[in-house]
Amino acid sequence: MARTLITGCSTGFGRAAAIELTKRGHQVVATSRRVEALEGLDVETRLELDVTDEASVRAAVDAAGTVDALVNNAGIVIGGPVELVPVAEVHRLFETNVFGPLRMMQAVLPQMRARGRGTIVNVSSVNGRVSAPLSGFYAATKYALEAMSEALHYEAEHFGIHTVIIEPGYFRTNLSDSRLDYGVNTAPYDELKRLADQMAARIGRDAAPGPEAVACAIADAIEADPPPLRVPVGSDAEMVLAARASMDDAAFEAAMRAVLGVEW
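All values reported here derive from a predicted model rather than from experimental measurement.

A closer look at helix 2 (residues 54-64)
Of all the residues in helix 2, the buried ones are Ser56, Val57, Ala60, Val61 and Ala64. Buried positions in helix 2, seen along its axis, are confined to an arc of 125° and lie on one side of it. Relative to its buried face, helix 2 has exposed residues pointing more than 90 degrees away, namely Ala55 and Asp62. Among the residues trailing helix 2, Gly65 stands out with phi positive, at a value near 75°.

Right, dumping it as structure tokens:
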């Protein structure tokens, strides 16, 4: 059984993954920026961890000890048109969603390489392969995470270290509730925001399932030998990513506009 460190376990995918892995007999080190948010989570170890802080990362990894598997799940969402999202907010988004996982990977890879085995699971999104209006910077962080992950796959598989990218579609978590949007409530982009909400409803956001399927995909990836590099999760993710892979840019855009009824 793998000793697994998971970031962002207060809610959503991280908490569900901690529960699923514990149920399967794995030793889970659950982490959160506020350790009190982990109260009631029945895992082996609960630790405070801020992935944007180098000292916090080092302290958590030292406290965790042996880490057989790392799940980079912590993330935030900041939305809005490319024209209007403040650059400082884009920096903040990248600090958590890109540099956070990077800090974690650099902290655990040496011990994994020394043992000749390990698994890195990076929780991306369908937006790591397909960008959407008003989510460009969030998608940019997931594209970056996927690029790092693919490179790591080629670099570290040689040492017995697996890399897996989890690509969820719409699931019901607290992440969207904490989303911060800029420039979408007034002209000229308020109409696009209304259309984006309609698109999300058509894809099934309001009837989205809970995070358990993603938790199972994470656990399956840790248990597989070897695991696949990419794991789309959810029928919407599978549909969108299959369409994207089979079409050129113009055909994909036309298909999405037709399916979603978008005129902008």
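The structure having been displayed, the exposition proceeds.
Overview of the pattern of salt bridges
Should their charged atoms come close, side chains of opposite charge can pair. Throughout the structure, instances matching the rule amount to 20 salt bridges. Between Glu167 and Arg230 there is a salt bridge, and its shortest N-O distance comes to 3.4 Å. In this pair, Glu167 sits in strand 7 (residues 161-168) while Arg230 sits in strand 9 (residues 230-233), placing the two residues 63 residues apart along the sequence. The buried category is assigned to Glu167, whose relative accessible area is 0%. Connected through shared salt-bridge partners, Glu20, Lys23, Arg24, Asp220 and Glu223 make up one network.

So, how was this worked out
- Residues numbered from 1 in each chain as written.
- Predicted model: local features only at pLDDT ≥ 70, side-chain atom pairs only at ≥ 80, totals over all residues.
- Heavy atoms only, no water.
- Buried < 20%, exposed > 50% of the residue type's maximum accessible area, 1.4 Å probe, protein only.
- Helix = DSSP H or I, 4+ residues; strand = E, 2+ residues; numbered from the N terminus.
- Arc of directions from axis to C-beta.
- Salt bridge = Lys/Arg side-chain N within 4 Å of Asp/Glu carboxyl O.

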